[in-house]
Amino acid sequence: MIYTLPPLPYAPDALEPKMSQETIEYHYGKHLQTYIDNLNRLCEGTPYAEMSLEDIILTASGPVFNNAAQVWNHTFFFNSLTPKPEPMPLELKDYLIRDFGSVETFKEKFKKAATDIFGSGWAWLAQDGDGKLHIIQESNAGNPMRAGLKPLLTIDVWEHAYYIDYRNRRAAFVDNCWELIDWKKVVERMHEPDPKYIEETVVVAETTRDGFTEMMAEAIMEDEKDMQKYVCVTCGWVYDPEEGDPENGIDPGTPFKDLPADWTCPACGVGKEYFEPER
Ligand code: MN
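These numbers were taken from a predicted model, which means no experiment stands behind them.

Student: Tell me about the sheet that holds strand 1 (residues 121–127), residues and numbers included.
Tutor: Read across the open sheet, the three strands follow the order 2-1-3; overall the sheet is antiparallel. Where the open sheet ends on each side, the last strands, each with one partner, are strand 2 (133–139) and strand 3 (150–156). Put simply, the sheet's adjacent strands are angled 25 degrees from each other on average, direction ignored. Of the pairings in the sheet, the one linking strand 1 to strand 2 comprises seven bridges and is antiparallel in character. From the neighbouring strand, W122 faces strand 2, where its bridge partner is E138.

And the structure:
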């Protein structure tokens, strides 16, 4: 499908002074437009052209993933803001108290997560298959749906999101952006039916139920254990678990040891026994 710039749900100057018209003109009008143009160009004539944006995000890697996720993330981000913010609905407060102890604790943890991301990225509030809420830091174009979580809210902390209005003061941007969040939208998203990726990746979500810190610790351990790349000694092709081998039915995130016994090198056709860990 051909992607076009999604409608901005408010006037370009409506979020001033917290987010200036100039920032919107660049961030929405130029950066998002560029991701859309790149995505259209990269998908043309490939199987991705027939896929939904979410399916692309769940299966693609490299530039296709990056541009698809940036289109999705930005659309979601701009739709998470409102010029007329209202107090947080009680229902959401109840969930935040249940999962973070208090609304204040959630607010502190979320702002810290957003401010602390090293380099470009996104801070997310996301929900697992059991309805539990998690704060997630993602680098670059990351999106928690890849881990089987339903996104509820995000703040963009790429420099392009704040440099015009705040220069290097990311924390000040996060504080002001917080005041623009459309909490009713967050609750609406909680009540939307679970997207299919939540079921598909429920095992991943299982490991995240005890909160952000534990999830990160497990993720790092899993990474060290399972994200080893393997190289084909016959032809030099490298199996990267982060990318998997989607063309042959291997999902991104599949460790080498979990590849089926009959999987073969997509470049030269030899079996798994011809692979050794990459140094
Ligand atoms: Mn951005």
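Student: Any details on the sheet that holds strand 5 (residues 238–239)? Residues and values, ideally.
Tutor: The three strands are arranged 5-4-6 in an open sheet whose pairing can be described as antiparallel. Among the strands making up the open sheet, the edge pair consists of strand 5 and strand 6 (275–277).

Student: Can you explain the pattern of salt bridges? Please cite residues and give values.
Tutor: With the rule as written, the count across this model stands at eight salt bridges. With a shortest N-O distance of 2.7 Å, K196 and D55 are connected by a salt bridge. Of this pair, K196 sits in helix 9 (residues 196–200) while D55 sits in helix 2 (residues 53–59); the two residues are 141 residues apart in sequence, bridging distant segments of the chain. Of the charged contacts in the structure, one is a salt bridge between K112 and D116, with a shortest N-O distance of 2.5 Å.

Student: Report on the coordination of the manganese ion, specifying residues and quantitative values.
Tutor: Donor atoms from the polypeptide that coordinate the manganese ion comprise H27 (NE2), H74 (NE2), D156 (OD) and H160 (NE2), at 1.9 to 2.1 Å from the metal. The motif formed by the donor residues of the manganese ion, counted along the single chain, is H-x46-H-x81-D-x3-H. Here H27 is found in helix 1 (residues 21–43), whereas its partner H74 is found in helix 3 (residues 62–78), with 47 residues between them in sequence. Classification of H74 by relative accessible area gives buried; the value is 0%.

Student: Give me the lowdown on the packing of aromatic side chains, citing residues and values where you can.
Tutor: With the rule as written, the count across this model stands at 24 aromatic pairs. Arranged with centres 6.3 Å apart and planes meeting at 40 degrees, the rings of W72 and W124 form a pair that is tilted. Note that W72 is positioned in helix 3 and W124 in strand 1, a separation of 52 residues in sequence. Both residues of the pair, W72 and W124, belong to the buried class. Considering the side-chain rings of F106 and W178, the 5.8 Å spacing of their centres and the 45 degrees angle between planes classify their relative orientation as tilted. In this pair, F106 sits in helix 5 (residues 103–116) while W178 sits in helix 7 (residues 170–178), placing the two residues 72 residues apart along the sequence. Assessed through its relative accessible area of 0%, F106 is described here as buried. The buried category is assigned to W178, whose relative accessible area is 7%.

Student: Run through the packing of helix 6 (residues 159–166) against helix 7, naming residues and quoting values.
Tutor: Relative orientation of the contacting elements helix 6 and helix 7 amounts to 95 degrees, with a least axis distance of 9 Å. In this view, helix 6 runs roughly perpendicular relative to helix 7, as classed from their interaxial angle. Between helix 6, through A161, Y162 and Y166, and helix 7, the contact on the second element is made entirely by R170, A172, F173 and N176. Per-class residue counts for the contact of helix 6 with helix 7 are five nonpolar, one polar and one charged.

About the thresholds
- Residues numbered from 1 in each chain as written.
- Predicted model: local features only at pLDDT ≥ 70, side-chain atom pairs only at ≥ 80, totals over all residues.
- Heavy atoms only, no water.
- Pairing = 2+ DSSP bridges.
- Helix = DSSP H or I, 4+ residues; strand = E, 2+ residues; numbered from the N terminus.
- Axes fitted to C-alpha atoms, helices over the stretch in contact; angles between N-to-C directions.
- Salt bridge = Lys/Arg side-chain N within 4 Å of Asp/Glu carboxyl O.
- Donors = N, O, S within 2.8 Å, 3.2 Å for Na, K, Ca; no water.
- Buried < 20%, exposed > 50% of the residue type's maximum accessible area, 1.4 Å probe, protein only.
- Phe/Tyr/Trp six-rings, centres within 6.5 Å; stacked < 30°, edge-to-face > 60°.
- Parallel < 35°, antiparallel > 145°, perpendicular 65-115°, else oblique.
- Contact = heavy atoms within 4.5 Å.
- Nonpolar A, V, L, I, M, F, W, Y, C, P; charged D, E, K, R; others polar.

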